[in-house]
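Chain and residue survey
Take a look at the letters that make up each chain.
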Amino acid sequence: MPDWLAMHRTMKLIRGFEEAVRGLAAGGAVPGLVHLCSGQEATNLGVIAALAPTDLIASHHRGHGHCLAKGAAPDLLLAEILGRAPGICGGRSGSMHVIDLAHGNLGTNGIVGGGVPLALGAALAARNRGDGQVSVCFFGDGALNQGLVHECMNMAAIWKLPVVFVCENNGYGEFTALEDVTAGADLLARGQVFGIPSGMVDGMDLRAVYAAASVSVARARAGEGPGFLICNTWRFSGHHVGDKQDYKDDDATRAWLEKDPIPRHAALLRHEGASDADLAAIDTEIDGVIRAAVSFARAAPPPEANQMRMHVHG
Amino acid sequence: MFMAEPRVIDFRTAVIEALADAMRTDRNVVVIGEDVGAAGGVFKQTEGLFAEFGAHRVIDTPISESGAFGMAVGAAMAGLRPVFEVMFGDFMTLVMDQLVNQAAKVRYMSNGAACVPLVLRTTMGVGAGLGPQHSQGFAAWAAHVPGLKIAIPSCPEDAKGLFAAAIADDDPVLVFEDRALYASRGPVPPGRHVVPLGVAVTRRPGRDLTIVAIGRMVGIALDAAGKLAEEGIEAEVIDPRTIVPLDVSTILASVRRTSRALVLDAAPRRFGVTAEIAAVIQEQAFDWLDAPVGRLGAADVPVPVAHSLEQLIIPDVATVVAAARDLVRGNGE
Amino acid sequence: MTEQQEKSWKFLESMLLMRRFEEAVAQLSVQKEFAGHFHLYIGQEATGAAAMAALESRDHVATTHRNHGHLVARGADPGAALAEILGRETGLCGGRGGTLHLTDPSLGFLSTSAVVGGAISLAVGGGYACKQRRDGSITAAFFGDGALEEGIAFEALNLASLWQLPVVFICENNSQDAWGVAKGGFPTLVHAAGDLRSIPGAVGIPAQRVDGTDTDDVHNAVARAVARARDGGGPSFIEAMTRRWAGSAPLWPELSTGVTDLRMATGEVPIEPGPHHDWYARHDPVLRLARTLLATRGDAAGRLRTLDRAITARIEAARQFAVDSPRAAAAAALDHVFA
């Protein structure tokens, strides 16, 4: 029986973390661009919770939620995003290149679709070892039009590799709506073409995502080959912090806000017997964790100059 | 003491020996590419491996270079040691993103925690009439990307040795093989044989000028040196063997003795590998030079199919001799 | 002589021209008149002839490394085409492109890419230009089944569908009974999609399959697709199935079925039992169409003989022209890198 309360806590952690990042970015503390996943927590966590700790993921540019769900320490992740020395990658990678193999994370990625072949390769290694490890790659609806994804699905299918392709469909590739760039009425066809079992799920429903992902992961682990899961979700923020989101329809935005996965799940928990006090305790604890992370990251030193030339080669 | 006859084999076979030896020693070494498995390679360059190691370790991919190479990168991050073949060097353009934006940068981006121990082997070579999309080698492009290592063997012995070093290296290493050298024969030690990356070799000693030659140009340089000797010019021929990291000290030590340098490559001259080597020589051995550093490369044009044009692309022995003579005798243009 | 039969005679003429051209190329290779790898269109002539007949001169064509048939069927001068393959100055591209890159912009060909999948994306560009011009012109893309393994094919199909571009995608699937891994040869199709039509289908492009050795089947499908595209109805995908010709099985093509003997169609010469019996008896599209026309009234046999004699003479003249042409001159080696 999954620990729904613990998973609820993780969703709150992700939400709180992203809000903290937004504030830091607005205040100029974040180098470069940063992409927030608020609203997509159920998708991020629902899939990752279905994995074993030894399974691997490959993420994308909107990947803080994946990192946290996979077990990254919030303070070290935040320090990385701020480009500080104690960050997960020594501050050199920032938000878009967080590689955290200690937690089975092949990395967030600055190239659309860039993580998909990495997960495919990890699945190849797993097949050769025969140890049942599963890999998951996350990509957005925009990446569905990358030929690279098509190639990787084909190879996963012909070799029956243990990889699950998860499309976090939030309806937009940067500032462009899905339907303006994606031909074909049925997105699932893009996986079905290869004979890959493909399903679509409400990405704002934590438990639905978890159930669907569990099926795909179990199949992959049993050697039955890849799966394709489309999670319909919404990003509450812009493409990046600073994006004014003029391209979004106001009515749609309102409708999606009402589907916020966190209050929805809170209601479910209450229905199952959780008390207001239980939920408030989570809020308090997460608040503390986020505050500590922010203090830690803000105070963390930048990397020394001598770090620049290190780790180019082994 | 009984001295065994040196064993002479061809370049292609030497590489297969290196691959087979590595694959027997380490089950994480896999070969990935198009037609590398059941067919043994379109140039027969992986012959025998599929029969010995099977489909899980010698993997035939669809025509999906981009996805397949990205897969190799991910596999390397996850513990395998892939040798990925790009059939023709020209198709490196199709793997560029995964090579440049992923493979080259993973170690750096992860602050040393992750690495990509893979080898990208590819063929190149003007002269077979294969035309502009099947003749190129992009060593210069790859050399320009921090994080990648590059080796260019000129003979069977080094082909075997450099491949062994490349496979053992925990960084992404590109090995460029000139198809014109595939049938070339030479002595090759049996068993495990490693030529370390970053170590140049002096192919021929000489006191009058230093010729730094890459890949197939080594043979041409040696032929030219033979002709120059008849004129009383003794050329020293250095084969860097690895482009990144480049054995600068061996090259500079030679130039400090000869005072003249000529750099040769079979890839387009403009902005090429020769430009980097020439720049390094003039930066660090300027006071020893008696003449500007000379460079010869392929013509800066797409490679034409017509034989009458194609044969003009690469500098030949006569061109090298003339350039060397000019440098030494100072005859000007 | 019915209109249908006249149409078929025109197809056969085009197919014979392609067939004798490819036989000349094979022989020139054996004679070492040119180096480099090459690809022959033998076995696929029905598709090329019928498809080209459905296009107009204002249309664009994109083709691949297996392009000789397409150029010849579209009307390229066989002499200039052979000269190109031989690297001569008089070639379609001055000898620079050779067999892999035969093209003729005056006939509407875009650049011919020998990188698998290259033709498809260029064709989408051609389609985009046609749409911008609003003159009813369309672009035809010829490519093989292997091209669908390349991600760029998928991207191109998505764009063509999204923007409803006037492109007719003609996939020449010669992998039926192919000498794949199972037979110790090169795999010719490594795709998880059981049915290649599902790929364009996934992006909403209507797709159909035709017998690539049946000129009427091909022509009807292509003509309909072309009309749709001209009318603003968007792209179509046609999968033309052919068997892989035995001569393409080895790494280097061989004329393993020999110079085509039309008497195997007239019956003057028996078809010997042997590895190529089925090819001669059933699968060779040239012999098949010849047999169909020989069954019509009138002196079809005579007409066939006359036609083949004329075509053979034409190709022989082309071959001689190519062989006699001067090699591309060194002075021109650096031309046309830039304008």
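Residues numbered from 1 in each chain as written. Chains lettered and ligands numbered in written order. Predicted model: local features only at pLDDT ≥ 70, side-chain atom pairs only at ≥ 80, totals over all residues.

Take the overall build of chain A next. Within chain A, the secondary structure is distributed over 12 helices and 7 strands. At 19 Å, chain A has a C-alpha radius of gyration in line with the 20 Å of a compact globule built from 314 residues. Considering only C-alpha atoms, chain A reaches an extent of 55 × 50 × 40 Å along its principal axes. Among the 314 residues that make up chain A, the fraction classed as buried is 56%. Look at the contacts in chain A between residues 6 or more apart in sequence, and 75% of them connect residues 24 or more apart. (Helix = DSSP H or I, 4+ residues; strand = E, 2+ residues; numbered from the N terminus. Rg over C-alpha atoms; globule rule 2.2 N^0.38 Å. Buried ≥ 20, exposed ≤ 12 C-beta atoms within 10 Å, placed from the backbone. Contact = placed C-beta atoms within 7 Å.)

For the rest of this paragraph, the subject is the overall build of chain C. Looking only at helices and strands, chain C has 12 helices and 5 strands in total. Scaling as 2.2 N^0.38, a compact globule of 339 residues should have a C-alpha radius of gyration of about 20 Å, and chain C matches this with 20 Å. A principal-axis box enclosing the C-alpha atoms of chain C has dimensions of 55 × 50 × 45 Å. Put simply, 74% of the contacts in chain C that link residues at least 6 apart link residues at least 24 apart.

With 26 residues of chain B at the interface, the matching set in chain C holds 33 residues. Those elements that provide at least two residues to the side of chain B that touches chain C are helix H3 (65-77) and helix H11 (307-310) of chain B. Here the element with the most residues in the side of chain B that touches chain C is H11(B); it accounts for 3 residues. Within the side of chain B that touches chain C, the residues separate by chemical class into 15 nonpolar, 9 polar and 2 charged. (Nonpolar A, V, L, I, M, F, W, Y, C, P; charged D, E, K, R; others polar.)

Turning our attention to the interface of chain B and chain A. Reports often express the size of an interface as the amount of accessible area lost when the parts come together. At the junction of the two partners, chain B supplies 35 residues and chain A supplies 30 residues. With 10 residues, the top contributor of residues to the side of chain B that touches chain A is H3(B). Split into classes, the residues belonging to the side of chain B that touches chain A amount to 16 nonpolar, 15 polar and 4 charged.

Below, the discussion takes up the nonpolar core. The nonpolar side chains of a soluble globular protein tend to be buried, and buried together. Formed by 318 residues in total, the largest nonpolar core has its most connected members in Ala119(A) and Ala324(B). The two domains that each donate at least three residues to this core are domain 1 (8-187) and domain 2 (201-329) of chain B. Those residues in contact with Ala119(A), other than ones at most four positions away along the chain, are Leu56(A), Ala58(A), Leu106(A), Ser135(A), Val136(A), Cys137(A), Val163(A) and Gly74(B). (Core = buried A, V, L, I, M, F, W, Y, C linked by C-beta atoms within 7 Å. Domains from an automatic or database assignment.)

A cis amide bond links Val244(B) with the next residue in sequence, Pro245(B), at an omega value of -5°. The phi angle at Gln245(A) is positive, at roughly 60°, despite the residue not being glycine. As for its placement among the helices and strands, Gln245(A) is situated in the loop between strand E7 (227-232) and helix H10 (250-257). Given 14 C-beta atoms within 10 Å, Gln245(A) falls into the partly exposed group. Positive phi values are uncommon outside glycine, yet Asn111(B) reaches one of about 60°. Inspection of the secondary structure assignment puts Asn111(B) in the loop between helix H5 (106-109) and strand E5 (119-124). Residue class for Asn111(B) comes out buried when judged on the 21 C-beta atoms lying within 10 Å of it.

We now examine the packing of helix H1 (residues 4-26) of chain A against helix H12 (residues 276-299) of chain A. Residue and element names in this part refer to chain A. As a packed pair, H1 and H12 sit with axes 9 Å apart at the nearest point and diverge in direction by 40°. By the angle class used here, H1 and H12 are oblique. Taken as a pair, H1 and H12 cross one another with a handedness that is right-handed. Mapping the contact onto sequence places His 8, Arg 9, Lys 12, Leu 13, Gly 16, Phe 17 and Ala 20 in H1 and Ile 282, Asp 283, Ile 286, Asp 287, Val 289, Ile 290 and Val 294 in H12. For the contact of H1 with H12, a count of residues per class yields 8 nonpolar, 2 polar and 4 charged. (Axes fitted to C-alpha atoms, helices over the stretch in contact; angles between N-to-C directions. Parallel < 35°, antiparallel > 145°, perpendicular 65-115°, else oblique. Left-handed = near helix turned anticlockwise from the far one by under 90°.)

A word on helix H4 (residues 92-103) of chain B. Under the 1.5 Å per step criterion, the end-to-end length of H4(B) is only 13 Å for 12 residues, more than 12% shorter than the ideal 16 Å. Buried residues of H4(B): Met92(B), Leu94(B), Val95(B), Gln98(B), Leu99(B), Gln102(B) and Ala103(B), and no others. The arc enclosing the buried residues of H4(B), seen along the axis, measures out at 130°, which places them on a common side. Where H4(B) is buried, its residues contact helix H5 (115-129) of chain A together with H3, strand E4 (81-86), H5 and E5 of chain B. (Expected span 1.5 Å × (residues − 1). Arc of directions from axis to C-beta.)

Residues and elements named next belong to chain B. Within helix H9 (residues 248-258), burial applies to Ile 251, Ser 254, Val 255 and Thr 258. Relative to the axis of H9, the buried residues are bounded by an arc of 100° and lie together on one face. Looking at the buried side of H9, the elements it contacts are strand E10 (209-213), strand E11 (235-239), strand E13 (261-268) and helix H10 (273-284). Where H9 ends, the next residue or the one after it, Ser 259, has phi of about 70°, a positive value.

Attention shifts here to the sheet that holds strand E3 (residues 167-176) of chain C. Residue and element names in this part refer to chain C. Taken in spatial order, the 5 strands line up as E1-E2-E3-E5-E4 in an open sheet, and their pairing is parallel. In this open sheet, the two strands that pair with only one neighbour each are strand E1 (60-62) and strand E4 (207-211). Going from strand to strand, the sheet's axes swing by 20° on average, the running direction of each strand aside. In this sheet, strand E5 (residues 236-243) lies alongside E4 in parallel orientation, the contact comprising 5 bridges. Across the sheet, Asp 211 pairs through a bridge with Met 241, a residue of E5. With respect to the sheet, helix H5 (residues 118-133) is in contact with E1, strand E2 (139-144) and E3, its orientation differing from that of E2 by roughly 175°. (Pairing = 2+ DSSP bridges.)

Turning next to the pairing of E2(C). All names here are of chain C. Counting buried positions along E2 yields 6 of 6 residues, so the element is predominantly enclosed. Residues Thr 139, Ala 141 and Phe 143 line one face of E2 and the alternating positions Ala 140, Phe 142 and Gly 144 line the opposite face, and both faces are buried. As paired strands, E2 and E3 are joined by 6 bridges and run parallel to one another. Its bridge partner lying in E3, Gly 144 is registered against Glu 172. In this fold, E2 hands off to helix H6 (residues 151-162), which returns the chain to E3; that crossover is right-handed. (Right-handed = clockwise from strand over helix to strand, strands pointing away.)

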